[in-house]
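Secondary and tertiary structure notes
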Amino acid sequence: MTPSLATTVGGVPLTTCIYNASGPRSGTAAALSKVCESQAGGVLAKSATIAKQNGNPLPRTYHATNGQASFNSEGLPNNGIDYYIAKETIEECMTDPQKPYMVSISGKTLADNLEMLDKIAKAPTLDKIQLVELNLACPNVIGKPIIAYDFDQMKDILKQVSAAISGKNIKLGIKLPPYLDGPHFQQAADILNQFDGTIAYVASINTVGNSLVVDIHSEAPMISSNQGFAGLSGPAVKYTALANVRKLRLALKESIDVVGVGGVESGKDAFELILCGATAVQVGTCHWTEGPKCFDRICQELQDIMKSKGYTCIHDFKGKLKEWSREGADIARGAAKAETKKDGTTKEAAGGGAKNDAAANLLQTILMALIAILLADKLSKGGILPF
Ligand code: DHB
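Only a predicted model underlies this, so the values are computations on that prediction, with no experimental measurement involved. (Residues numbered from 1 in each chain as written. Predicted model: local features only at pLDDT ≥ 70, side-chain atom pairs only at ≥ 80, totals over all residues. Heavy atoms only, no water.)

1. Here's the deal with the overall build of the protein
Our working definition: The helix and strand labels rest on DSSP assignments: H or I over at least four residues marks a helix, E over at least two residues marks a strand, and numbering proceeds from the N terminus. Pairs of residues are marked as contacts when any of their non-hydrogen atoms sit within 4.5 Å. Residue burial considers only the protein chains on display, and all accessible areas are found by Shrake-Rupley using a 1.4 Å probe.
When its secondary structure is counted, the protein shows 12 helices and 16 strands. Long-range pairs, those at least 24 residues apart, make up 71% of the contacts in the protein with a sequence separation of at least 6. Split by element, the accessible area of the protein, about 18,900 Å² in all, is 57% carbon and sulfur.

Quick look at the structure:
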């Protein structure tokens, strides 16, 4: 039987647990319609500001040649909130009525965010906007700090946002930046938990802000805007995303879902985030570089992993990361060896690999003993050492 990838985010059903992150290929209805036509379980629009804007000067993005890291300092280019909540936009992109449509807002000020929430609440399309993601983590607006690193400001914003949408039919998610220091996870979670009636989910993580990519030939940054400082994304940030999802899942109230995002480019990456507690997984950089077919591939890979483990739905493993143990380490080592030998003629199971290793060790010991005997014989006869 094919495993089910269905999930819910804040109670909203998604056909699959994989969908796009706000950002790449999400600024226009044409781009979003391609996400909807794929296996992505939902469709999330690019972070909007009140008015349409062009963003920072070019070049404002860079992909490292090893494929491990991407950088962007786009400065929120977008079509403005009215475009993302317009009937025509939603009708053009949402060709599958089973999938939810979600908007993201990233106002330059609290007043801007409140105004956009008011526009959404009053929009004739409100019943077609299933989730609203409030971005408190954009690192690329010149002169503006990342809001969710300032806990006092974050609390104040959530207080006002919570009051503004109370009684309105808006399900709210919060996009968070990566936290790196132990106490920060708890501090952030303590604040978010105070708004558990308002916050349906958190999306963790946004890019690692203020990264810098430098070229040794020109001896200058690769990105022109913001003195070259940019948000880092791609495989390099996956491990930070895993830790953030895990820490937040443990610290947040159960009613607040965690959506994992950061460096996902395979079903294995998605599986890891779900194991750490993610209820769904957003794909940003891989969608940017590979295009919307990445959703079909990642879904298929995730299903293949689930099938091989006998899992029928994501609840079979969601949040069930085990503690480290000696037995677990043996399993991991065996699997890594089997993986290395995949190119050979036989595909070893973990147990078989271990057996072969024991035989190789025995052979090595016998050879060493023979050499020692020969050497001792030579020495006793006063000969020259062969090496
Ligand atoms: C941009 C970058 C982000 O990480 C984000 O969350 C929103 C906007 C940008 O530079 O456009």
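2. Some remarks on the confidence of the model for the protein
To keep it simple, the criterion reads: Per-residue confidence from the predictor is given as pLDDT, running between 0 and 100.
Summarising the model, the protein shows a mean pLDDT of 91, and 88% of its residues fall at 70 or more. Every residue in residues 345-361 scores below 50 in pLDDT, and together they form 12 contacts with partners more than four places removed in sequence or on other chains. Overall, residues 371-387 carries pLDDT values under 50, and its contacts beyond four positions in sequence, including any with other chains, amount to 7 contacts.

3. Remarks on the sheet that holds strand S11 (residues 208-212)
For clarity, the threshold we go by: Pairing between two strands requires that DSSP report at least two bridges joining them. What counts as an axis is a line fitted to C-alpha atoms, over the stretch in contact for a helix, and the angles between N-to-C directions run from 0 to 180 degrees.
A sheet is described by the order of its strands in space; here 4 strands give the open sequence S5-S6-S14-S11, paired in antiparallel fashion. Here the strands that pair on one side only, and so sit at the sheet edges, are strand S5 (61-63) and S11. Direction aside, neighbouring strands of the sheet carry axes that sit 35° apart on average. Sheet analysis places S11 next to strand S14 (residues 229-233), joined by 3 bridges and oriented antiparallel. If you follow Ser 211 over to S14, its bridge partner there is Ala 230.

4. So, helix H7 (residues 238-251)
This is how it is decided: Each helix should span, by expectation, one fewer than its residue count multiplied by 1.5 Å. Here the term buried applies to any residue with accessible area under 20% of the maximum for its type, exposed to any over 50%, and partly exposed to those in between, with areas from a 1.4 Å probe on protein chains only.
For H7, spanning 14 residues, the distance from its first C-alpha to its last is 20 Å, which sits close to the expected 20 Å at 1.5 Å a residue. Among all positions of H7, only Lys 238, Ala 241, Leu 242, Asn 244, Val 245, Leu 248, Arg 249 and Ala 251 are buried. Along its buried surface, H7 packs onto strand S9 (172-176), helix H6 (182-193), strand S10 (199-204), strand S15 (257-261) and helix H8 (267-275).

5. Concerning the pattern of salt bridges
Under the convention used in this document: Salt bridge, as applied in this entry: a Lys or Arg side-chain nitrogen positioned within 4 Å of an Asp or Glu carboxyl oxygen.
Evaluation of the coordinates by the stated rule reveals 15 salt bridges. Note that Glu 74 is salt-bridged to Lys 46, the shortest N-O span being 3.8 Å. Of this pair, Glu 74 sits in the loop between strand S6 (70-72) and helix H2 (81-85) while Lys 46 sits in strand S4 (residues 43-48), placing them 28 residues apart in sequence. On the accessibility criterion, Glu 74 (21% relative accessible area) is partly exposed. The salt bridge involving Glu 290 is made with Arg 297; its shortest N-O contact spans 2.7 Å. Residue classification places Glu 290 among the partly exposed positions, given a relative accessible area of 23%. Classification of Arg 297 as partly exposed rests on a relative accessible area of 26%.

6. Quick notes on the layout of surface pockets
Convention followed: Only protein atoms enter the 1 Å grid, on which a cavity is a set of points fitting a 1.4 Å probe that cannot get out and a pocket is an open set with protein on both sides within 12 Å along at least 5 of 7 lines, lining residues being those with an atom within 4 Å of a point. Grid points are joined across faces, edges and corners, and a volume is the space filled by probe spheres set on the points. Polarity classes work like this: nonpolar for Ala, Val, Leu, Ile, Met, Phe, Trp, Tyr, Cys and Pro, charged for Asp, Glu, Lys and Arg, and polar for all others, with Gly in that last group.
Its boundaries defined by the atoms lining it, the second largest pocket holds a volume of some 620 Å³. If you go around the second largest pocket, you meet 39 residues; those closest to its centre are Ser 22, Gly 23, Pro 24, Asn 72 and Thr 207. Listed by contribution, the elements that provide at least two residues to the lining of the second largest pocket are S4, strand S8 (131-135), S14, strand S16 (280-283) and helix H9 (285-290). Top element by residues in the lining of the second largest pocket is H9. It accounts for 3 residues. Broken down by class, the residue content of the lining of the second largest pocket amounts to 15 nonpolar, 19 polar and 5 charged.

7. Some words on the site of the ligand
As a reminder, the rule being used: We call a residue near a molecule or strand as soon as one heavy atom of that residue lies within 4 Å of the molecule or strand. The term polar contact refers here to a pair of N or O atoms within 3.5 Å; inside protein, the definition further demands a hydrogen-donor-capable atom paired with an acceptor-capable atom, and it admits residues adjacent in sequence only when both atoms are side-chain atoms. Assignment to a cavity or pocket requires that more than half of a molecule's atoms be within 2 Å of the site's grid points.
Around the ligand, the neighbouring residues are Asn 72, Ser 73, Glu 74, Gly 75, Leu 76, Pro 77, Asn 135, Cys 138, Pro 139, Asn 140, Asn 206 and Thr 207. A distance of 3.5 Å separates an oxygen atom of the ligand from a polar side-chain atom of Asn 72. Within the backbone of Leu 76, a nitrogen or oxygen atom sits 2.6 Å from an oxygen atom of the ligand. Burial of the ligand by the protein amounts to 89% of the accessible area it has alone, namely 290 Å². Applying the majority rule of atoms within 2 Å of the grid points places the ligand in the second largest pocket. Across the shell around the ligand, the residue classes tally to 4 nonpolar, 7 polar and 1 charged.

8. Points about the packing of H8 against helix H10 (residues 293-309)
We apply this condition: A crossing counts as left-handed when the near helix is turned anticlockwise from the far one by less than a right angle, and as right-handed when that turn is clockwise.
Remark: H8 packs on H10, axes separated minimally by 7 Å, with the N-to-C direction vectors making an angle of 65°. Regarding H8 and H10, the two cross each other, and that crossing is right-handed. Facing H8, whose interface residues are Gly 267, Lys 268, Ala 270, Phe 271 and Ile 274, H10 presents Ile 298, Glu 301, Leu 302, Ile 305 and Lys 309. A per-class count over the contact of H8 with H10 returns 6 nonpolar, 1 polar and 3 charged.

9. Quick word on the pairing of S15
Remark: a regular strand shows side chains that alternate across the two faces of the sheet. Burial analysis of S15 places 5 of its 5 residues in the buried class, the great majority of the element. The alternating pattern of S15 places Asp 257, Val 259 and Val 261 on one face and Val 258 and Gly 260 on the opposite face, and all of these are buried. Pairing between S10 and S15: 4 bridges, direction parallel. In the strand pairing of S15, Ala 203 is matched with Val 259. Note that S15 and S16 share 3 bridges and pair parallel. Residue pairing in the sheet places Val 259 in a bridge with Ala 280 of S16.

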